[in-house]
Amino acid sequence: MVSPEQFRDVMARHAAGVTVVTTAGPTGYHGVTVTAFCPLSLDPPLVLVCIDRQQQSHRLLETAAGWVVNLLSRDQEFLAEQFAGRAPLADSRFSRLPHHLGPLGIPRLDGCLAWIDCRPWARYEGGDHSIFVGQVVALDLGPANDPLIYFERQYYELAW
Ligand SMILES: Cc1cc2nc3c(=O)[nH]c(=O)nc-3n(C[C@H](O)[C@H](O)[C@H](O)COP(=O)(O)O)c2cc1C
């Protein structure tokens, strides 16, 4: 048998880049910290994110007209914490956070390594998560920087 603790401990050894997935819903802008992001297809250009079915962001992504994957840079740990609901501003995650709107009218967080603007393509069941596949309709590079990495439940920078 695989226990949840063992599963989490082993998966924590998978180093991952950190993203924030933003969307625009009926109650305003929303964002959620996500490491379960993966490029999927080049032709057509597709990416996927895996979202816990219990989360508010799951409900929003089910009906969203689009979403943006913001790739965080090494100095954006505060954004990862903010959009994971751990920071003091959790009730209004966008207040005072510099952002601009992408071509779909969905926020792009300033200073990210890159932004990937998606239209919904498909959603698949994945146990207690859903796999949201997005068709990439626009994308841009931000300022060059190193990525923010999550490993063993802590944030890291690349060490060269
Ligand atoms: C580093 C990090 C990575 C995370 N990755 C994911 C993820 O890939 N998918 C997910 O559903 N939640 C992930 N979470 C948890 C959500 O960010 C967190 O539960 C958030 O508060 C959910 O907000 P919501 O209920 O408004 O959607 C992650 C949290 C952290 C700190």
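Structure's up top.
Residues numbered from 1 in each chain as written. Predicted model: local features only at pLDDT ≥ 70, side-chain atom pairs only at ≥ 80, totals over all residues. Heavy atoms only, no water.

Q: Please clarify how the environment of A159 should be interpreted in this entry.
A: Relative to the assigned elements, A159 resides in the segment after β12 (154–156). Classification of A159 as exposed rests on a relative accessible area of 77%. Placed 110 residues apart in sequence, A159 and V49 show a C-alpha to C-alpha distance of 27 Å. (Helix = DSSP H or I, 4+ residues; strand = E, 2+ residues; numbered from the N terminus. Buried < 20%, exposed > 50% of the residue type's maximum accessible area, 1.4 Å probe, protein only.)

Q: How should I be thinking about a nonpolar patch on the surface in this particular structure?
A: There is a patch of nonpolar side chains on the surface, built from V2, F7, V10 and M11 and spanning about 400 Å² of accessible area. Looking at the element boundaries, M11 is found in helix α1 (residues 4–11). (Patch = residues over 30% accessible without salt bridge, like charges linked within 9 Å, V, L, I, M, F, W, Y side chains within 5 Å. Areas by Shrake-Rupley, 256 points an atom, 1.4 Å probe, with all protein chains shown as cover. Salt bridge = Lys/Arg side-chain N within 4 Å of Asp/Glu carboxyl O.)

Q: Got a minute to help me understand the sheet that holds β12 in this structure?
A: Strand pairing in a sheet takes place through backbone hydrogen bonds and is either antiparallel or parallel in direction. Read across the sheet, three strands follow the order β1-β11-β12 without closing on themselves; strand pairing throughout is antiparallel. Each edge of the open sheet carries a strand with a single partner, namely β1 (16–17) and β12. Taken together, the three bridges between strand β11 (residues 149–151) and β12 define a ladder with antiparallel strand orientation. In the strand pairing of β12, I149 is matched with Y156. (Pairing = 2+ DSSP bridges.)

Q: So what exactly am I meant to see when it comes to the site of the ligand here?
A: Near the ligand there are 20 residues, and of these T33, D52, Q55, S57 and A84 occur at the shortest range. Separating an oxygen atom of the ligand from a side-chain N or O atom of H30 is a distance of 3.0 Å. The contact in question runs from an oxygen atom of the ligand to an N or O atom on the backbone of Q56, over 3.0 Å. The protein chains hide 83% of the 650 Å² of surface that the ligand would expose on its own. Elements represented by at least two residues in the shell around the ligand include exactly β3 (28–34), β5 (46–52) and α2 (56–63). A per-element tally of the shell around the ligand places β3 first, with four residues. (Near = heavy atom within 4 Å. Polar contact = N/O pair within 3.5 Å; in protein donor to acceptor, adjacent residues only side chain to side chain.)

Q: Is there a simple way to think about the sheet that holds strand β9 (residues 114–126) in this case?
A: Pairing within the open sheet is antiparallel, and its seven strands lie in the order β3-β2-β6-β9-β10-β5-β4. Each edge of the open sheet is held by one strand with a lone partner, namely β3 and β4 (37–41). Across the sheet, the mean angle separating the axes of adjacent strands is 35° when strand polarity is ignored. Relative to strand β10 (residues 129–141), β5 is paired through seven bridges, and the arrangement is antiparallel. Within β10, the position partnered with L46 by the bridge is Q135. (Axes fitted to C-alpha atoms, helices over the stretch in contact; angles between N-to-C directions.)

Q: Teacher, can you tell me more about the packing of aromatic side chains here?
A: Under the definition given, this model contains two aromatic pairs. Considering the side-chain rings of Y150 and Y155, the 5.0 Å spacing of their centres and the 55° angle between planes classify their relative orientation as tilted. Residue Y150 is classed as partly exposed on the basis of its relative accessible area of 21%. (Phe/Tyr/Trp six-rings, centres within 6.5 Å; stacked < 30°, edge-to-face > 60°.)

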